Amino acid sequence: MHATATPCLGDSAEPRLLFTDLDGSLLDHHDYDWAPAQPWLETLRKAGVGVIPVTSKTRSELLGLRQALGLADQPFIAENGAVIALPDSWCHARREGPVGPDGLVIRTLGVDIGLIRRRVAIWRERLSARFLTMSEMALEDVVAFTGLDEQEARLARLREGSEPLLWEDDDALLQRFREGLAGDGLRMTRGGRFWHVLGDTDKGQAVRWLCARYEALKGKRPTTLSLGDGPNDVAMLEATDAAVVIRGQHGLDVRPDQPNLYRSEAMGPRGWAEGVAHCWGANPQALEAAARGDQGAQTDDQHHHLGGKEDDA
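Residues numbered from 1 in each chain as written. Predicted model: local features only at pLDDT ≥ 70, side-chain atom pairs only at ≥ 80, totals over all residues. Heavy atoms only, no water.

Asks: How should the overall build of the protein be read in this particular structure?
Replies: When helices and strands are counted, the protein shows eleven helices and twelve strands. Here the contacts in the protein between residues at least 6 apart in sequence split such that 61% fall between residues at least 24 apart. (Helix = DSSP H or I, 4+ residues; strand = E, 2+ residues; numbered from the N terminus. Contact = heavy atoms within 4.5 Å.)

Given below as structure tokens:
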């Protein structure tokens, strides 16, 4: 099924959740447009499918963006898994914490940004490493590098649990830097534009946490799909029943250990729509059977695309 076909989910009583990266996936890498994916967003919303952003963006960036995307009633995962924001419908009767002015309960899976920045500064001095963190970049440089406008760039710098940086040194020193941070309980993950330093968490851990929360609240395990284009999406792509690697602009290798994998031919939101159509458009019953382990229910075409060992396009 092509992305230009009329979006159709087919008949299914099974609950579903879709987890999606934003930049380079649902949003175009250059201009952040999502128009090619809009018909599928509307179809998913009408079908009651939760569409959950899982992104390196900050909570501040997402508050307005989720309204524009029509996802204001959904939770989201920010800063590569460091921050989870829960609307009221995703909270237990006894709330986990105070409700913020935005109506969200915030769960932090990572560590405080102050600790991250202190350890990053210490390891830079120890190794004499050359890099630039986003917090050190001039606002106009963030705008030029990311394509965000000034207000969006300001929101992008309001970090709570991760520090983006531009590495300007060699790979050998990068490995030593990563090892030093690992000794402090911190990790690095690669996005489309930046490296990100965060605590011992990732997009996959946050996705599994939300799936467990859904099952606890609803009493049913959801069928899950995830879509992403970068190395920082790998853990998320491995945490769901099926996954889509969207063809990226960055040329970075994205190889999740995921038997039910589809690689899009198109980039950005067109590739996103292509992936959703392939997995949940033409034959959603086959996808659900595959998630249960019934490989015999797949067609030959699906077996070709969902096999995790195919060559990269």
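Asks: Can you help me understand the sheet that holds strand β5 (residues 105-108) in this one?
Replies: As a general point, the strands of a sheet are linked pairwise by backbone hydrogen bonds and lie either parallel or antiparallel. Taken in spatial order, the three strands of this open sheet run β3-β4-β5, and their pairing is antiparallel. The two strands at the open ends of the sheet, each matched to only one other strand, are β3 (76-78) and β5. Averaged over all pairs of adjacent strands, the angle between their axes in this sheet comes to 25 degrees, without regard to strand direction. The pairing of strand β4 (residues 83-86) with β5 spans four bridges and is classified as antiparallel. Opposite A85, over in β5, you have I106 as the bridge partner. Sitting on the sheet, helix α2 (residues 59-68) is in contact with β3 and β5, with an inclination near 145 degrees to β3. (Pairing = 2+ DSSP bridges. Axes fitted to C-alpha atoms, helices over the stretch in contact; angles between N-to-C directions.)

Asks: What is the right way to read the environment of L217 from this model?
Replies: Tracing the backbone through its elements, the reader meets L217 in helix α7 (residues 203-218). On the accessibility criterion, L217 (29% relative accessible area) is partly exposed. Once the C-alpha coordinates of L217 and H92 are considered, the two residues, 125 residues apart in sequence, prove to be 7.3 Å apart. Non-local contacts of L217, meaning those with residues more than four positions away in its chain, are made with S89, W90, C91 and H92. (Buried < 20%, exposed > 50% of the residue type's maximum accessible area, 1.4 Å probe, protein only.)

Asks: In this structure, what is going on with unusual backbone geometry? I would like to understand it.
Replies: Of all residues except glycine, most have a negative phi; of all peptide bonds, most are trans. Positive phi is not limited to glycine here, since Y32 has a value of about 65 degrees. Here Y32 shows up in the loop between β1 (16-20) and α1 (38-46). According to the relative accessible area criterion, Y32 is buried, its value standing at 13%. Backbone geometry at E79 places phi at a positive 50 degrees, although glycine is not the residue there. Tracing the chain through its elements places E79 in the loop between β3 and β4.

Asks: How do you make sense of the confidence of the model for the protein when you look at a structure like this?
Replies: Note: predicted coordinates in regions of low pLDDT should not be interpreted at a detailed level. Taken over all residues, the pLDDT of the protein has a mean of 87, while the share at 70 or more is 85%. The model gives residues 283-313 a pLDDT under 50, and that stretch makes 45 contacts with residues more than four places away or in other chains. (pLDDT = per-residue confidence, 0-100.)

Asks: Would you explain the pattern of salt bridges in this entry?
Replies: Note that side chains of opposite charge can pair when their charged atoms are close. Tallying each qualifying case throughout the model produces 16 salt bridges. Of the charged contacts, one joins E163 and R117 as a salt bridge, the two residues approaching to 3.3 Å between their closest N and O atoms. Pair noted here: E163 is in strand β7 (residues 162-167) and R117 is in helix α3 (residues 113-127), with a separation of 46 residues, a long-range link. Classification of R117 by relative accessible area gives partly exposed; the value is 30%. R255 serves as the salt-bridge partner of D253, at 3.4 Å between the closest nitrogen and oxygen. It is possible to trace a salt-bridge network through shared partners that takes in D21, K203 and D233. (Salt bridge = Lys/Arg side-chain N within 4 Å of Asp/Glu carboxyl O.)

Asks: Is there a simple way to think about the sheet that holds strand β8 (residues 187-190) in this case?
Replies: Pairing within the open sheet is antiparallel, and its four strands lie in the order β6-β7-β9-β8. Among the strands making up the open sheet, the edge pair consists of β6 (131-133) and β8. Along the sheet, successive strands turn relative to each other by an average axial angle of 30 degrees, direction set aside. Both β6 and β7 contribute to a ladder of three bridges, which runs antiparallel. Paired with T133 across the two strands is L165, which belongs to β7.

Asks: Is there a simple way to think about the side chain of H196 in this case?
Replies: By the secondary structure assignment, H196 is in strand β9 (residues 195-198). Beyond its immediate chain neighbours, meaning those up to four positions away, H196 contacts S56, N80, R159, E163, P164, R187, M188, T189 and G191.

Asks: Explain the environment of D102 to me, please; I cannot follow it from the model alone.
Replies: With respect to the helices and strands, D102 occurs in the loop between β4 and β5. Between the C-alpha atom of D102 and that of L63, which follows or precedes it by 39 residues, the distance is 7.9 Å. Aside from chain neighbours lying at most four places away, what touches D102 is R59 and L63. From its side chain, D102 meets the backbone nitrogen of L104 in a polar contact 3.1 Å long. (Polar contact = N/O pair within 3.5 Å; in protein donor to acceptor, adjacent residues only side chain to side chain.)

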